[in-house]
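# Working through the structure, step by step
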Amino acid sequence: DVKVTQSSRYLVKRTGEKVFLECVQDMDHENMFWYRQDPGLGLRLIYFSYDVKMKEKGDIPEGYSVSREKKERFSLILESASTNQTSMYLCASRPPMGGQETQYFGPGTRLLVL
Amino acid sequence: AQSVTQPDIHITVSEGASLELRCNYSYGATPYLFWYVQSPGQGLQLLLKYFSGDTLVQGIKGFEAEFKRSQSSFNLRKPSVHWSDAAEYFCAVGAGSNTGKLIFGQGTTLQVKP
């Protein structure tokens with residue numbers, strides 16, 4: 001069965017802290033994605049990776065970075081957390097086939113920055 | 001640029017009533033279209049997808065969607081809603097590259113009255 005896991009369901013951090021959100025998939029997928037979800041805005045793509053050590057900016061990359069050292073793990077980094085980064089963060093993965101392939105989502109991490 | 005619009009932010013239906021959630025997309029070529037559902041506190045689960053062939057697509061949990069190219073729509077339907085269908089529903093369009101990027105709509109929250 002498909003499995004995408006995220007390291008934390010809930011996180012509370014202080015402004016200025018460095019924050020790591022971890023995502024692991026067990027499906028040997030090449031493509032992985034980080035989204036943030038905010039009410040009324042749907043899901044917005046932050047970064048994605050189509051292979052180990054390969055990454056591309058999504059629609060809202062400012063204030064974030066990512067790391068993909070191993071195929072199964074994709075990390076989202078908030079270099080200096082700010083209150084406007086309080087949000088729900090969702091990770092997804094999918095195989096690198098045609099555009100019709102499904103993205104599989106993790107349960108999400110709800111981050112509160114104080 | 002590709003975009004997805006879900007005109008209804010919030011819908012309330014009675015249990016047993018029929019349901020239709022609207023989705024309009026903007027995309028130059030033949031789109032790959034998806035409907036996802038998010039139950040409270042959970043990640044996204046794929047309900048159904050369309051990429052070619054029959055324009056009426058059957059999904060899980062008794063949902064179906066119809067692709068209408070002339071109207072740029074991909075509306076989700078269910079003939080009889082159950083209380084467990086209360087959730088947030090997202091329509092998405094594939095961004096047209098092999099990376100599998102998706103553009104999501106803003107989401108529609110479904111409330112089911114007993």
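This is a predicted model, so every value here is computed, not measured.

## Topic: unusual backbone geometry
Residue and element names in this part refer to chain A. Located in the positive-phi region is K53, a residue other than glycine, with phi close to 65°. The topology assignment puts K53 in the loop between β5 (42–51) and β6 (54–57). With a relative accessible area of 58%, K53 lands in the exposed category.

## Notes on the pairing of strand β9 (residues 87–94) of chain A
All names here are of chain A. Of all eight residues that make up β9, eight are buried, and the element is covered over most of its length. Here β9 shows no split at all, with S87, Y89, C91 and S93 on one side and M88, L90, A92 and R94 on the other all buried. Relative to β9, strand β4 (residues 31–38) runs antiparallel, the two sharing seven bridges. Among the inter-strand pairings, F33 is bridged to a residue of β9, identified as A92.

## Re the state of the cysteines
By definition, a disulfide links two cysteine residues through a covalent bond between their sulfur atoms. Scanning all chains against the criterion turns up two disulfides over all chains. Two residues, C23(A) and C91(A), share a disulfide whose sulfurs are 1.8 Å apart. For the disulfide bridge between C23(A) and C91(A), the dihedral angle about the S-S bond is near -75°, and by the sign convention the bridge is left-handed. Residue C23(A) is found in strand β3 (residues 19–25), and its partner C91(A) is found in strand β9; the two are separated by 68 residues along the sequence. Here C23(B) engages in a disulfide with C91(B); their sulfurs sit 1.9 Å apart.

## Focus on the interface of chain B and chain A
Each side of the interface is counted separately: chain B has 22 residues, and chain A has 26 residues. Interface area, chain B with chain A, both sides summed: about 1900 Å², of which 54% is carbon and sulfur. There are zero salt bridges connecting chain B and chain A. The tally of links between chain B and chain A comes to four residue pairs in polar contact (both at pLDDT 80 or more). Of all the secondary-structure elements, those providing two or more residues to the side of chain B that touches chain A are β5 (33–38), β6 (44–50), β10 (87–94) and β11 (102–104) of chain B. Its residues placed into classes, the side of chain B that touches chain A shows nine nonpolar, 10 polar and three charged.

## Considering a nonpolar patch on the surface
Residue and element names in this part refer to chain A. Together, V12, L112 and L114 make up an exposed nonpolar region whose accessible area comes to about 260 Å². One can find L114 in the segment after β11 (109–113). Of the residues examined, L114 reaches a relative accessible area of 46% and is grouped as partly exposed.

Calculation criteria
- Residues numbered from 1 in each chain as written.
- Chains lettered and ligands numbered in written order.
- Predicted model: local features only at pLDDT ≥ 70, side-chain atom pairs only at ≥ 80, totals over all residues.
- Heavy atoms only, no water.
- Helix = DSSP H or I, 4+ residues; strand = E, 2+ residues; numbered from the N terminus.
- Buried < 20%, exposed > 50% of the residue type's maximum accessible area, 1.4 Å probe, protein only.
- Pairing = 2+ DSSP bridges.
- Disulfide = S-S within 2.5 Å.
- Contact = heavy atoms within 4.5 Å.
- Buried area = accessible area lost by both parts, 1.4 Å probe.
- Salt bridge = Lys/Arg side-chain N within 4 Å of Asp/Glu carboxyl O.
- Polar contact = N/O pair within 3.5 Å; in protein donor to acceptor, adjacent residues only side chain to side chain.
- Nonpolar A, V, L, I, M, F, W, Y, C, P; charged D, E, K, R; others polar.
- Patch = residues over 30% accessible without salt bridge, like charges linked within 9 Å, V, L, I, M, F, W, Y side chains within 5 Å.
- Areas by Shrake-Rupley, 256 points an atom, 1.4 Å probe, with all protein chains shown as cover.

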